[in-house]
Amino acid sequence: MPDEIDANSCFLTIHSGAGGTEANDWAGMLYRMYLRWSEKHGFSVESVDFLEAEGGLKSATIRVNGPYAYGRLKCETGVHRLVRISPFDANSRRHTSFASVYAFPVLDDSIEVEIKPDDLRVDTYRSSGAGGQHVNKTDSAVRFTHIPTGIVAACQSERSQTMNRALAMSMLKARLYEHYKQEQEKEKEKFAAEKKDISWSNQIRNYVFQPYTLVKDARTKVETGNIQAVMDGGIDVFIEAFLKMQTLQ
């Protein structure tokens, strides 16, 4: 997990696909699976959003708090396909259901604006413009340039350089705050764009309960017949295989 953001906590959203009660039940089963997985790793879980539906849930979002929660759970983003004899079918026919899972990192919204002295260029100059005798004849105006971002903040409204410096610094911090906030929004949009790529036709994992038991990852080809262990949160074999595959690409 080389990306810095992999170390973050994680939001995990589960949506049931088409199929009514059967699909809602499958989404609920996946919800339970991720709760069990989180418990096994000692992660705390907060319910952010939960929309119940007949037989299970329509959608749910949980926040999984722990180191590298996102780095692990990002492997789960995609469509999960279930094949089983439906407990809701009086004729005991085999049904196929789908649910989508989307993992995205928890981004820290509290931005502390830290300005390193080496990143700051300070210029002083004489105030200009109207003012007649009240225009200061000394270099009281102040301009700050934040070199890494190119953001400039200047103030010449006060008679004192000290006051101009304080106001300019206040403006610079405010502009930097907005700059970093926009950078965060770009990151969120990037992850949202990944979410849009999910379609029902490209499942990442298949879960077969009948006529045999098998869970197989479509990306890594890793499989296991112990489906009950998987539904109890035993998904690390798939996560680790996916992470190893990524390092080899």
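Parameters and conventions
- Residues numbered from 1 in each chain as written.
- Predicted model: local features only at pLDDT ≥ 70, side-chain atom pairs only at ≥ 80, totals over all residues.
- Heavy atoms only, no water.
- Helix = DSSP H or I, 4+ residues; strand = E, 2+ residues; numbered from the N terminus.
- Buried < 20%, exposed > 50% of the residue type's maximum accessible area, 1.4 Å probe, protein only.
- Contact = heavy atoms within 4.5 Å.
- Areas by Shrake-Rupley, 256 points an atom, 1.4 Å probe, with all protein chains shown as cover.
- Phe/Tyr/Trp six-rings, centres within 6.5 Å; stacked < 30°, edge-to-face > 60°.
- Polar contact = N/O pair within 3.5 Å; in protein donor to acceptor, adjacent residues only side chain to side chain.
- Pairing = 2+ DSSP bridges.
- Axes fitted to C-alpha atoms, helices over the stretch in contact; angles between N-to-C directions.
- pLDDT = per-residue confidence, 0-100.
- Expected span 1.5 Å × (residues − 1).

Novice: Got a minute to help me understand the overall build of the protein in this structure?
Specialist: Looking only at helices and strands, the protein has five helices and eleven strands in total. The buried share of the protein, reckoned over its 249 residues, is 39%. In the protein, of all internal contacts separated by at least 6 residues, the share reaching a separation of at least 24 is 61%. Surface exposure of the protein reaches about 13800 Å², of which carbon and sulfur atoms provide 49%.

Novice: How do you make sense of the packing of aromatic side chains when you look at a structure like this?
Specialist: Counted under the stated rule, the structure contains five aromatic pairs. A centroid spacing of 5.2 Å and a plane angle of 75° characterise the contact between tyrosine 31 and phenylalanine 50, whose relative ring orientation is edge-to-face. Here phenylalanine 50 lies in strand β2 (residues 44–53) and tyrosine 31 lies in helix α1 (residues 21–40), a separation of 19 residues in the sequence. The exposure class assigned to phenylalanine 50 is partly exposed, which follows from its relative accessible area of 36%. Grouped by ring-pair contacts, the aromatic residues Phe11, Tyr102 and Phe104 constitute a single cluster.

Novice: Mind showing me how you'd approach the side chain of aspartate 217 here?
Specialist: Among the structural elements, aspartate 217 can be located in strand β10 (residues 214–217). Note on aspartate 217: relative accessible area 0%, which makes it buried. There is a polar contact of 3.3 Å between the side chain of aspartate 217 and the side chain of arginine 205. The residues contacting aspartate 217, other than those within four sequence positions of it, are Ile204, Arg205, Val222 and Phe238.

Novice: Please explain the sheet that holds strand β7 (residues 141–146) as it appears in this structure.
Specialist: Through backbone hydrogen bonds, the strands of a sheet pair up, either in parallel or in antiparallel fashion. If you trace the three strands from one edge of the open sheet to the other, you get β6-β7-β8, paired in antiparallel fashion. Each having just a single partner strand, β6 (120–125) and β8 (151–155) make up the two edges of the open sheet. With direction set aside, neighbouring strand axes in the sheet form an average angle of 15°. The pairing of β7 with β8 spans five bridges and is classified as antiparallel.

Novice: Could you clarify how one ought to interpret the sheet that holds strand β3 (residues 56–65) in this entry?
Specialist: In space, the eight strands of this open sheet follow the order β2-β3-β1-β5-β4-β9-β10-β11, with mixed pairing throughout. Sheet topology places β2 and β11 (223–224) at the edges, where each strand pairs with a single neighbour. Of the pairings in the sheet, the one linking strand β9 (residues 203–208) to β10 comprises four bridges and is antiparallel in character. Within the sheet, the bridge partner assigned to asparagine 206 lies in β10 and is lysine 216.

Novice: Please clarify how the pairing of strand β1 (residues 10–16) should be interpreted in this entry.
Specialist: Strand residues, when the strand is regular, have side chains that alternate between the two faces of the sheet. When you tally the buried positions in β1, you get six out of seven residues, the bulk of the element. Bridging between β1 and β3 involves six bridges; their strand directions are antiparallel. The residue of β3 that forms the bridge with leucine 12 is isoleucine 62.

Novice: Hey, could you run me through the confidence of the model for the protein in this one?
Specialist: Do not read the fine detail of predicted coordinates wherever pLDDT is low. Across the protein, the average pLDDT comes to 85, with 88% of residues at or above 70. Contacts from residues 130–134, a stretch scored under 50 in pLDDT, to residues over four places away or in other chains number three contacts.

Novice: Whenever I open this one, helix α5 (residues 236–248) confuses me. Can you help?
Specialist: Quick reminder: α-helices carry 3.6 residues per turn. Residues three or four places apart thus point the same way. With 13 residues, α5 extends 18 Å between its outermost C-alpha atoms, agreeing within 8% with the 18 Å of an ideal straight helix rising 1.5 Å per residue. Of all the residues in α5, the buried ones are Phe238, Ile239, Ala241, Phe242 and Leu243. Looking at the buried residues of α5, the elements they touch are α1, α2 (69–73), β9, β10, β11 and α4 (227–231).

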